[in-house]
Amino acid sequence: MVSISRLRDPRYYQVAVLATLLGIGVLALDFGIHWQNAVAILLTAQAVQYLGTRLAGLPRFDPLSALITSLSLTLLLRTELPLLAVAAAMIAIGSKFLLRVRGKHVFNPANVALVTLMLLSDRAWVSSGQWGSAAIGAFGLACLGFLVLTRAKRAETTIAFLIGYAALLFGRALWLGDPLSIPVHQLQNGALLIFAFFMISDPKTTPNAARGRVAYALLVATVAFTIQFIFYQPNGPILALILCAPLVPVIDALLQGTHYRWEKPDAHSSAHPKGV
Amino acid sequence: MKYLITLVTALATVMVTTTAQAFCGFYVAKADTSLFNRASQVVLVRDDDRTVITMANDFEGEVEDFAVVIPVPTRIEREQINVGDRAVIQHLDAYTSPRLVEYHDGNPCHRYELEERMKSDADLPAAAAQLRRSAKSQGVTIEASYTVGEYDILILSAKESSGLIRWLNDNDYKLPRGAKRVVDSYLGQGMRFFVAKVNVEEQSKLGYQYLRPLQVAYESNKFMLPIRLGTLNAKGKQELYVYALTRTGRVETTNYRTVKLPTNVEVPEFVEGEFADFYRDMFARQTEKENGRAVFLEYAWDMAWCDPCAADPLSSKELRKLGVFWIDERDARDKRSIVPQAQNVFVTRLHVSYDAEHFPEDLMFQETGDRQNYQGRYVIRHPWKGEASCDITQYEASVRERQEREAQLLASMTGWDIGDIRKKIPFAGGIQPANENEPWWKRIWN
C-alpha cells in the first residue's frame, strides 16, 4: 500500500521528466552543464532542506521537492562558478522556509534563485534559446509535461498561461502585419514550455482557487509579454513570475480554495469535506 | 535601373597576410570570411544599453546604383553616424578566424625530439569596385540629409509609415517584394531607418577605391540585429558574421540555438591544401544537422590574448575605432607599448547562414557571464618521414590507426565520401588499413 500511495505523488513523475530533459539537454543539445554545478546544487539543496526541516520543527524530512528544485536549477541556471550554483540552491530552498505567507511559500524556489542571481551577478545567466525550436522536440516536451500536470490536477494554470501568451504573440503579429511564422517560432521554444509546464504550474505557489489560478496565469503571461516584447529584455516569463508571485496571497484572500498537499493529490475530491 | 541592397553597406573583402607564431602548434591557414559569398560582417559593441554597430558586406557592382536602407532601434542624429575603417574589421576577422595548426611527429627512434615548422597563409587578391556618380535625392519625406565621408545620409521622417517606401519608389529604387510589410512592422516596433548612398565626388576626393563600413552609435534596450529585410531580395541563403565586443562574457542568441562548431579535431594532412573547402563543407553539414536553424559560435575569447594566434589581438586604438567606448582614450593614444593590451573586452564571433524560412525572426542577443575561451581549431599531425634507424613497424601501425580515425571523423564532419578521403591519405608504410565497412568476404581470398 505504501508503494501505491507513493506513486500517487505526482512529484515522482516530475522528477522522471526533468531528469529526461536534463539528459536530452546534456547529450543531444550540448547544453554545457557542468557536472560540478549539478552536484553542488543537489547536495546544497538537500542540506538546506534538512536544516530547514529541523529548524522549522517539521515532522519529517522530505527530499523530493528539493530534488525537483535542484533539477530545475540545473536545467536553467548557467554559470562557470560552482560557488554561484551553491548560492542558487541555498536561496531556492531557503526561500521556502523564510518567505512564507499564511502557511504557503511565496516564490517558486527555482524561480527566486534564478532571478536573484541574474540581478546580483553578471556571471550567472539563463540560456532560453538553447532548446531550439525543433517542432517535434517541443511537442515531446509538451506531452511529457502534460503527464505530470494531469497527475498534479492543476493543468489550468499551464493552459491559461500558454493560451494567454500565444494570444498576445499572435495579436502582436497581426497588429504589426508580420507573417504568422514569427509567433509560431516564438512559441516553439523549449524554455517557454518548460516554464509553462514545470515552473508556473507549481501548485505550492499558485492561488488555491481554480478561478484565481487562471487569472494569475493570464497576468503572468501579460507581464512576460510586456518584458519580452515591449521592453525587449530576455527571460520575460521568469521575471514575470517573480513580479506576480506576491499577488498570490492577495488572490487567496479574495478567492477561497484548497491548499495543495503533495501527498494527497485527491485532497479536494469527494472523499474530503468541501471547503477544507 | 537601381538596386536596393538592404541591411549593410557593400564592400569587397581584402585579406591581410598574417604570420604568427603560437605557443603550441603553428598557424598555417585560416577560414576567413572571404570563403563565403554574399557575406555581411557586423561588429556589435554593447555595454548596458549603449551600442555601436559597424556594418560591412561584400557588395560587388556599380556604386552609383547603390543605396542601403539601415534599420536602427532608435531615432538617430547626424553625430551618431560615422564611417569606419575597413582594415580594423579585416584584422578582427583574421584574429577570430577558425584556424588550422600543424604538428610534426618526432623521429620514432628518438621519442622526445620534436620538430616544428611554421607556415604562413597565402595572400588573397583584392577586388575593387568601380565607382560612378550617384543619383540625387528628390524625396519629400526626408527629415535631414548630409554627407558623412563618402556617403550621403538621409534620415527619413517616420510620421507616416509609407514615407520610406514612397521615397524609395519615387527615386526608382527597385524594392524587393514584401519590403513594405517588413518596414511597416519595424516602424510599429519603434524602429527608424536611414538611407546611405555613395557620394562619388566625395569618394574620389577621399581617394578610397572601396566602400568603407558605416557605423552607428545608439542607446537602446534592444540588443538585436534586424535581418528580415536582408532575406527579401536574397538569392538563397545569406552569410552573416557578427562580432560582438562586450565587457563581461560571451554573447548568444536568445531566440535561436547558439551552437559550438566541432573543434580541436585532428584532420588528415591533405586538408592543409583544401582548408577552405573543408571548412565550408563542415559548416554546411553542421547547419544541416541543426535543421538550418542555428547560429554558430566560431570564436569566444578575452581580447587580451590568443593561442594559437591567427593574428595579433586588436590594439586599444583599433578597438576605440570600432566603438569600444569603455576603453580609456589615453590607452588608445598610447603608442609606446608594442602590443597594447586591451582590457575588459570579450570578443564573440557568430556565424549564421540564414534565409526567411529558417530565420523568420530578427536575431535577439544576450550577453552571458561565460568567459570560457573557445576557438575553431583543426590540427594536422604529420607522421615522421625521415630515415628510420630502428624498427618502426609499431610506429607505422599506430600512424595508420590515427590516419583511419582522422578519415572517418572528416567524413562524418563534412559529409565527404570516405573512399575519396582514403585515396588522398598516404597511409604509413604504404599499407591501406582494412576497411571496416567493407563486407567481410571481400578479404577472405586476397
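What counts, and where the lines are drawn
Residues numbered from 1 in each chain as written. Chains lettered and ligands numbered in written order. Predicted model: local features only at pLDDT ≥ 70, side-chain atom pairs only at ≥ 80, totals over all residues. Heavy atoms only, no water. Helix = DSSP H or I, 4+ residues; strand = E, 2+ residues; numbered from the N terminus. Buried < 20%, exposed > 50% of the residue type's maximum accessible area, 1.4 Å probe, protein only. Contact = heavy atoms within 4.5 Å. Areas by Shrake-Rupley, 256 points an atom, 1.4 Å probe, with all protein chains shown as cover. Expected span 1.5 Å × (residues − 1). Phe/Tyr/Trp six-rings, centres within 6.5 Å; stacked < 30°, edge-to-face > 60°. Lys NZ or Arg CZ within 6 Å of the ring centre and 35° of its normal. Pairing = 2+ DSSP bridges. Buried area = accessible area lost by both parts, 1.4 Å probe. Salt bridge = Lys/Arg side-chain N within 4 Å of Asp/Glu carboxyl O. Polar contact = N/O pair within 3.5 Å; in protein donor to acceptor, adjacent residues only side chain to side chain. Patch = residues over 30% accessible without salt bridge, like charges linked within 9 Å, V, L, I, M, F, W, Y side chains within 5 Å.

1. Description of the overall build of chain B
No. 1: Within chain B, the regular secondary structure consists of nine helices and 22 strands.
No. 2: Burial analysis of chain B (446 residues in total) assigns 57% to the buried set.
No. 3: Within chain B, counting contacts between residues at least 6 apart in sequence, those at least 24 apart form 84% of the total.
No. 4: Accessible surface for chain B amounts to roughly 19,600 Å². Of this, 47% is attributable to carbon and sulfur atoms.

2. Side note on helix H3 (residues 35-56) of chain A
Helical geometry note: an α-helix holds 3.6 residues per turn, so side chains three or four residues apart project in the same direction.
Residue and element names in this part refer to chain A.
No. 1: Its 22 residues place the ends of H3 31 Å apart at the C-alpha level, agreeing with the 32 Å of an ideal helix rising 1.5 Å per residue.
No. 2: Those residues of H3 lying buried are Asn 37, Ala 40, Ile 41, Thr 44, Ala 45, Gln 46, Val 48, Gln 49, Gly 52 and Thr 53.
No. 3: Check the buried side of H3 and you find it contacts helix H4 (63-76), strand S1 (77-79) and helix H5 (82-98).
No. 4: Positive phi shows up at Gly 57, right after H3, with a value of about 70°.

3. So, the packing of aromatic side chains
No. 1: Counted according to the given criterion, the structure contains 18 aromatic pairs over all chains.
No. 2: A ring pair is formed by Tyr50(A) and Phe61(A), whose centres lie 5.5 Å apart and whose planes are at 75°; its orientation type is edge-to-face. One end of the pair, Tyr50(A), is in helix H3; the other, Phe61(A), is in the loop between H3 and H4, with eleven residues separating them in the sequence.
No. 3: Residue Phe61(A) is classed as partly exposed on the basis of its relative accessible area of 32%.
No. 4: Taken together, a centroid distance of 5.2 Å and an interplanar angle of 65° make the contact between Trp301(B) and Trp305(B) edge-to-face.
No. 5: Take Trp305(B): its relative accessible area is 41%, and that puts it in the partly exposed class.
No. 6: Three or more aromatic residues link up through ring pairs in this structure, and these residues are Tyr95(B), Tyr299(B), Trp301(B) and Trp305(B).
No. 7: Geometry around Tyr232(A) places Lys222(B) over its ring, the cationic atom sitting 4.5 Å from the centre.

4. Digging into the sheet that holds strand S15 (residues 251-253) of chain B
Sheet strands line up and pair through hydrogen bonds in the backbone, either parallel or antiparallel.
No. 1: In space, the three strands of this open sheet follow the order S13-S20-S15 (chain B), with antiparallel pairing throughout. Two strands bound the open sheet, and with one partner strand each, they are strand S13 (224-225) and S15 of chain B.

5. Focus on the interface of chain A and chain B
No. 1: Each partner contributes residues to the interface: chain A has 33 residues there, and chain B has 28 residues.
No. 2: Among the residues chain A hides against chain B, the three largest losses belong to Trp125(A), His185(A) and Tyr232(A). Together they make up 25% of the total.
No. 3: Counting every contact that joins chain A to chain B gives one salt bridge.
No. 4: With its nearest N and O atoms 3.0 Å apart, the salt bridge here joins Arg228(B) to Asp178(A).

6. A few points about the environment of Asp122(A)
No. 1: Structurally, Asp122(A) is set in the loop between helix H6 (109-120) and strand S4 (124-126).
No. 2: Judged by relative accessible area, Asp122(A) falls into the partly exposed class, the value being 48%.
No. 3: Between the C-alpha atoms of Asp122(A) and Thr79(A), which are 43 residues apart in sequence, the distance is 9.5 Å.
No. 4: Among all residues touching Asp122(A), those that are not within four sequence positions of it are Thr248(B), Thr368(B) and Gly369(B).

7. Things to note about the pattern of salt bridges
No. 1: For the structure on display, the rule yields 24 salt bridges over all chains.
No. 2: Where Lys104(A) meets Asp252(A), a salt bridge forms, and the shortest distance between an N and an O atom there is 2.8 Å. Remark: Asp252(A) occurs in helix H13 (residues 247-254) and Lys104(A) occurs in strand S3 (residues 104-105); sequence separation between them is 148 residues.
No. 3: Three or more residues joined by partner-sharing salt bridges are found here, namely Asp105(B), Glu266(B), Arg381(B), Arg402(B) and Glu406(B).

8. Some thoughts on the side chain of Asn108(A)
Residues and elements named next belong to chain A.
No. 1: Tracing the backbone through its elements, the reader meets Asn 108 in the loop between S3 and H6.
No. 2: Only 3.2 Å separates the side chain of Asn 108 from the backbone nitrogen of Ala 110, close enough to count as a polar contact.
No. 3: Here Asn 111 takes part through its backbone nitrogen, which lies 2.9 Å from a polar atom of the side chain of Asn 108.
No. 4: Residues in contact with Asn 108, not counting those within four places in the same chain, are Met 199, Asp 202, Thr 205 and Leu 241.

9. Digging into helix H2 (residues 163-170) of chain B
No. 1: Buried residues of H2(B): Gly163(B), Leu164(B), Ile165(B), Trp167(B) and Leu168(B), and no others.
No. 2: Just downstream of H2(B), Asp172(B) is the residue with a positive phi angle, here 65°.

10. Examining the pairing of strand S3 (residues 39-47) of chain B
No. 1: For S3(B), the tally of buried residues reaches nine of nine residues, placing the bulk of the element in the interior.
No. 2: Burial of the side chains of S3(B) extends over both faces: Ala39(B), Gln41(B), Val43(B), Val45(B) and Asp47(B) are buried on one face and Ser40(B), Val42(B), Leu44(B) and Arg46(B) on the other.

11. Points about a nonpolar patch on the surface
No. 1: The grouping of Trp35(A), Val39(A), Leu42(A) and Leu43(A) at the surface amounts to a nonpolar patch, some 430 Å² of accessible area in total.
No. 2: For Trp35(A), the location among the structural elements is in helix H3.

12. What about the pairing of strand S22 (residues 377-382) of chain B?
Residue and element names in this part refer to chain B.
No. 1: Counting buried positions along S22 gives five out of six residues, so the element sits mostly inside the fold.
No. 2: Summarising the sheet, strand S7 (residues 99-104) and S22 pair through six bridges and their orientation is parallel. The residue bridging Leu 100 from the neighbouring strand is Tyr 378, located in S22.
No. 3: Note that strand S17 (residues 265-267) and S22 share three bridges and pair parallel. Within the sheet, the bridge partner assigned to Val 265 lies in S22 and is Tyr 378.

13. Describing unusual backbone geometry
No. 1: Pro308(B) follows Asp307(B) through a cis peptide bond whose omega is -5°.
No. 2: One can find Pro308(B) in the loop between strand S18 (294-302) and helix H6 (316-321).
No. 3: Even without being glycine, Tyr232(A) reaches a positive phi, approximately 50°.
No. 4: For Tyr232(A), the position within the fold is in the loop between helix H11 (210-229) and helix H12 (236-244).
No. 5: Residue Tyr232(A) is classed as buried on the basis of its relative accessible area of 11%.

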